[in-house]
Amino acid sequence: MGCAPSIHVSQSGVIYCRDSDESNSPHQTTTISQGASTLHGLFVKSDAADSIPAVLAYQSRQQPPCSGPRRRESRAPRCCGIEAETQTSSSSLKQASATEVQIGPMRLTQDPVQVLLIFAKEDNQSDGFWWACDRAGYRCNIARTPESALECFLDKHQEIIVIDHRNSRYFDAEDICRSIRATKPSEHTVILAVVPRTSADQEETSVLPLLNAGFDRQFMENSSITACYNELIQIEHGEVRSQFKLRACNAVFTALEHCQEAIEITSEDHIIQYVNPAFEQMMGYHKGELIGKELTELPKSDKNRADLSDSINACIKKGKEWQGVYYARRKSGDSIQQHVKITPVIGQGGKIRHFVSLKRLRCTNENNKQLCKSHRDENYSGDNSQSESHSFKCKNRRKDSIDVKSTTSQSSDAPSVQTRRYSSMARIHSMTIEAPITKVINIINAAQENSPITVAEALDRVLEILRTTELYSPQLGTKDEDPHTSDLVGGLMTDGLRRLSGNEYACSKNLNLSHSHLSVPNTINDVPPCIAQLLDNEESWDFNIFELEAVTNKRPLVYLGLKVFGRFGVPEFLNCSEATLRAWLQVIEANYHSSNAYHNSTHAADVLHATAFFLGKERVKGSLDHLDEVAALIAATIHDVDHPGRTNSFLCNAGSELAVLYNDTAVLESHHTALAFQLTAKDSKCNIFKNIDRNRYRTLRQAIIDMVLATEMTKHFEHVNKFVNSINKPMASEETGSHNEGSDCECTANMKNFPDNQTLIKRMMIKCADVANPCRPLELCIEWAGRISEEYFAQTDEEKRQGLPVVMPVFDRNTCSIPKSQISFIDYFITDMFDAWDAFAHLPVLMQHLANNYKHWKMLDELKCKSLRLPSENNN
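Conventions used here
- Residues numbered from 1 in each chain as written.
- Predicted model: local features only at pLDDT ≥ 70, side-chain atom pairs only at ≥ 80, totals over all residues.
- Heavy atoms only, no water.
- Pairing = 2+ DSSP bridges.
- Helix = DSSP H or I, 4+ residues; strand = E, 2+ residues; numbered from the N terminus.
- Axes fitted to C-alpha atoms, helices over the stretch in contact; angles between N-to-C directions.
- Contact = heavy atoms within 4.5 Å.
- Buried < 20%, exposed > 50% of the residue type's maximum accessible area, 1.4 Å probe, protein only.
- Right-handed = clockwise from strand over helix to strand, strands pointing away.
- Phe/Tyr/Trp six-rings, centres within 6.5 Å; stacked < 30°, edge-to-face > 60°.
- Lys NZ or Arg CZ within 6 Å of the ring centre and 35° of its normal.
- Core = buried A, V, L, I, M, F, W, Y, C linked by side-chain atoms within 4.5 Å.
- Salt bridge = Lys/Arg side-chain N within 4 Å of Asp/Glu carboxyl O.
- Disulfide = S-S within 2.5 Å.
- Patch = residues over 30% accessible without salt bridge, like charges linked within 9 Å, V, L, I, M, F, W, Y side chains within 5 Å.
- Areas by Shrake-Rupley, 256 points an atom, 1.4 Å probe, with all protein chains shown as cover.
- Polar contact = N/O pair within 3.5 Å; in protein donor to acceptor, adjacent residues only side chain to side chain.
- Expected span 1.5 Å × (residues − 1).

(A) How the structure looks around the sheet that holds strand β14 (residues 262-267). The strand order across the open sheet formed by 5 strands is β15-β14-β18-β17-β16, and the pairing between neighbours is antiparallel. Among the strands making up the open sheet, the edge pair consists of β15 (272-275) and β16 (322-329). Taking each pair of neighbouring strands and ignoring which way they run, the sheet shows an average axis angle of 30 degrees. Sheet analysis places strand β17 (residues 335-346) next to strand β18 (residues 352-361), joined by 9 bridges and oriented antiparallel. Bridge assignment links Pro 344 to a residue of β18, and that residue is Phe 355. Lying on the sheet, helix α9 (residues 308-316) is in contact with β16, β17 and β18; it crosses β16 at an angle near 140 degrees.

Given below as structure tokens:
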């Protein structure tokens, strides 16, 4: 490996270089000499310095040893001394990799930072920043004169500029700063002033003169490489990163400027802050006439109903999105009908700071049609195909259903997972269980298509009432003559017959508060290795809950609960210690009956696991608040506490104390929630709610109660129909409308702004988690089928012993076909519900398991096998 060359400056000022073989040291130096004096580095005090380039570029250097003076290593300058470039290795450039930066939903890649050092002469301070750049992996240039500094900046657009402000003998640092600030690229540059260190008895000077000159911050003279490095790193992660994000907003504004939908942004006080060209074109104004004005200053159309503005403001001031039809007056005086969506945007202080309005023309009258045509002609005069697909075609997006099969046929090359998801969406619109109210809504939607605006608005209000009132229970007909289906419907969806004898069945009233004999960990980190290893896989849908049941001696809920609750930040939300949470989980689990074949703490843990899995799906996560997540996890944990292993119908027929207490209505579900809150409040050591304020507790409690009551099967189809009509179909219609108009599929309205929709999502989520057994891997599905069948067998045995009506006669252990019962359960309850949930949450793994398991049961049924497996498999 050759030695670094030496640079020599003769007395005449001519630069020349020659290779030096005098030293084998890896740290060679650049030597610039004049007469008898020899200086090390890049700068010299001599007339010959004028021959040295004013800007030196740093690419990659090797830092000198910590001991001894720092010396720079240089390769020969390029010919005639026009430019000198120093480098010794490529290590730093390899480290200076791009950085991933997120701004909202936008992902950016930031190149390595560039730094410009402006120092008239070399000294320890300039060296400190030079080597700090080397350590940080930044690209660095150094300039000696104001002219060369400005020229370099305009060429490179460095993110950080460091100017020597310690004395004015060589140049005026503030003048340099002002000249740089006068250029447009400096808008996103951080300029640092290096100021002299003040002595202890001197008062520190104000930074205002520096700020007024255009500097962003000052750096007290300190030649330590670490001090310089820390300063640069802080600037990068602070101002540079922020400026980088701001520059990325140019892309967003470019999109807005070219967007063909009219967009208006106002302040929280309804002062117009921005309109795009499409808005100018639609309304006939120039943006200069609008920006800075209040909306109330603009002419209003008299075609809107009197209270519409008040209704809109009341909605958006609460942080809710508003959508509807609105008449606006153009500058010409014409009234135009618009589809308007107004979205509040949270800003400084966590308050609403902006309202974003997206407006589309509604082509229903002659004025609008002509305006729509002019939009198409101006924007797509030379491209008929594009104009046909553009959003200003103004198709009414209210659809009574979507033909997803035709949509998927256009993209047959799409992955099979996506195809399965569209298949689920298609089945939503052809469900065999359709309540009368569903037909009514579809008829109203169709009638709105070509109705006058007054009629359309009236029908909107009708739909709003229909979608928020208890009108979704289906008419249960003879969908399936199979006795298994009839018995399941009779046993799960009714509260049972009246009591036929004096026999009574009482649910256990002993509130068992004793801890399990299992050694319970002090923290989740102290779990035995075998349990910890199992829990490492708890985020997977294929997690085996029965293995956890075995290693925890039938008490899996505490261990899984600690892990899941910790992952979702439940203790932090409730402001309770892990010890309190652990004690609460112990008490809840102790009140599940391990003697039950199915409704025990393993089932509770399984439902908790499924709920946590669903909460991790992007659309579910984006639709719910943290309080909703906490409520869902608690509801899953308690949803079957103290379950006696008998159905509601059995308890009503037996005249149990619980059935009497809850008037034969949602008997068990009401008991589960009431008991859970009683157990929680009974002892401060396990009261996880003791540290939250009253309002938050009430909201959380109501959410938990609502979710547990949703697991009661008599309202199964009501919950499913509400979800389909209020969540799936509006979402599907919007996606289809966007596809047909040639634009990207728009996101659904922010569910967080609609508490009613959040409630429907939470109900659907816990319902699916509660009966997700057919969607588990086959071996788990088979085990759960055996357990629930055994519990139903035991109930039938007891009904016969006590002379009670037999609620589900087919569940006689001597004659029952388990495959037939599973097929009926999947056909009648599971398929439609999981199609709807999959269409929302996108669950391809579950749907694949469901299809495989259904094939398993069908095969057994066709072979007249009544057990869980073929006889040959049982023998194995």
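Structure shown, so let's carry the discussion forward.
(B) Seen up close, the pairing of strand β12 (residues 190-195). Burial of β12 is extensive: 6 of the 6 residues sit out of reach of the surface. In this sheet, β12 lies alongside strand β11 (residues 160-164) in parallel orientation, the contact comprising 5 bridges. Each bridged residue has a counterpart across the sheet, and for Ile 160 the counterpart in β12 is Val 190. Bridge analysis of β12 against strand β13 (residues 217-220) gives 4 bridges, and the strand direction is parallel. Looking at the pairing, Val 194 lines up with Phe 219 of β13. In this fold, β12 hands off to helix α5 (residues 208-213), which returns the chain to β13; that crossover is right-handed.

(C) Broad picture of the pairing of β14. In terms of burial, β14 is largely enclosed, as 6 of its 6 residues are buried. Relative to β18, β14 runs antiparallel, the two being bridged by 6 bridges. Residue pairing across strands places Glu 264 opposite Ser 357, the latter belonging to β18. Pairing analysis gives 3 bridges linking β14 to β15, with the strands arranged antiparallel. When the sheet's bridge partners are listed, Thr 266 is paired in β15 with Ile 272. Counted between consecutive antiparallel strands, the loop separating β14 from β15 contains 4 residues, among which His 270 sits at a positive phi close to 65 degrees.

(D) Quick look at the packing of aromatic side chains. Summed over the entire model, instances satisfying the criterion amount to 21 aromatic pairs. The interplanar angle of 50 degrees and the centroid separation of 4.7 Å between the aromatic rings of Phe 546 and Trp 784 together place this pair among those described as tilted. With Phe 546 in helix α18 (residues 545-551) and Trp 784 in helix α31 (residues 778-802), this residue pair connects regions lying 238 residues apart in the sequence. The exposure class of Trp 784 is buried, given its relative accessible area of 1%. Both rings, one in Tyr 828 and one in Phe 829, keep their centres 5.4 Å apart while their planes meet at 75 degrees; by these two values the pair is edge-to-face. Tyr 828 sits in the buried class, given a relative accessible area of 7%. Put simply, the rings of Trp 541, Phe 613, Phe 614, Phe 723, Trp 837 and Phe 840 pair up and form one aromatic cluster. Of note, Arg 701 hangs over the ring of Phe 677, and the distance from its end group to the ring centre comes to 4.6 Å. Positioned above the aromatic ring of Trp 784, the side-chain terminus of Arg 787 is 5.7 Å from the ring centre.

(E) Highlighting the nonpolar core. Of all hydrophobic cores here, the largest spans 115 residues; its most connected members are Leu 574, Trp 584, Phe 614, Ile 634, Ile 704 and Trp 837. Broken down by element, the residue count for this core peaks at 13 residues, all from helix α32 (residues 818-841). In this view, Phe 614 contacts Trp 541, Val 620, Met 765, Cys 768, Ala 769, Trp 837, Leu 843 and Leu 846; residues no more than four positions away in its chain are not counted. Membership of the second largest hydrophobic core comes to 23 residues, among which are Val 115, Phe 129, Ile 225 and Cys 228.

(F) The pattern of salt bridges, seen in detail. One pass over the structure, following the stated rule, counts 29 salt bridges. Linking Glu 174 and Arg 178 is a salt bridge whose minimum nitrogen-to-oxygen distance equals 3.5 Å. Of this pair, Glu 174 and Arg 178 are both found in helix α4 (residues 173-181), 4 residues apart, which corresponds to roughly one turn of the helix. Arg 178 gets classed as partly exposed once you look at its relative accessible area, which sits at 41%. For Arg 646, the salt bridge is made with Glu 798, and the minimal N-O distance between the two is 2.8 Å. Note that Arg 646 is positioned in the loop between α24 (626-638) and α25 (648-654) and Glu 798 in helix α31, a separation of 152 residues in sequence. Across the pair, Glu 798 and Arg 646 agree in class, each one buried.

(G) Local environment of the environment of Ala 262. Mapping Ala 262 onto the fold places it in strand β14. Taking C-alpha positions, Ala 262 is 8.1 Å from Ser 357, a pair spaced 95 residues apart along the chain.

(H) Local environment of the state of the cysteines. Scanning all chains against the criterion turns up 0 disulfides. No disulfide involves Cys 152; its sulfur sits 9.2 Å from that of Cys 140, the nearest cysteine.

(I) Representation of a nonpolar patch on the surface within the structure. Taken together, the side chains of Val 207, Leu 208 and Leu 211 make up a nonpolar region of the molecular surface, amounting to roughly 250 Å² of accessible area. For Val 207, the location among the structural elements is in the loop between β12 and α5. Residue classification places Val 207 among the partly exposed positions, given a relative accessible area of 34%.

(J) Quick look at the side chain of Asn 773. Turning to its location among the elements, Asn 773 is positioned in the loop between α30 (755-770) and α31. Apart from residues no more than four positions distant in its own chain, Asn 773 is found in contact with Tyr 598, Asp 606, Cys 781, Trp 784 and Asn 853.

(K) Expanded view of the side chain of Asp 770. Relative to the helices and strands, Asp 770 is located in helix α30. There is a polar contact of 3.1 Å between the side chain of Asp 770 and the side chain of His 639. Apart from the residues within four sequence positions on either side, Asp 770 is in contact with Tyr 598, His 603, Val 607, His 639, Asp 640 and Thr 711.

(L) Just helix α21 (residues 578-590), in detail. Spanning 13 residues, α21 covers 18 Å between terminal C-alpha atoms, matching the ideal 18 Å at 1.5 Å per step. Listed as buried for α21 are Thr 580, Leu 581, Arg 582, Ala 583, Trp 584, Leu 585, Gln 586, Val 587, Ile 588, Glu 589 and Ala 590. The secondary structure elements touched by the buried residues of α21 are α19 (556-567), α20 (570-574), α22 (601-615), α24 and α27 (667-682).

(M) Main features of unusual backbone geometry. Although it is not a glycine, His 270 sits at a positive phi angle of roughly 65 degrees. In this structure His 270 comes out as buried when scored by relative accessible area, which is 18%. You will see that His 842, though not glycine, has its phi angle at about 60 degrees, which is positive. Structurally, His 842 can be placed in the loop between α32 and α33 (844-862).

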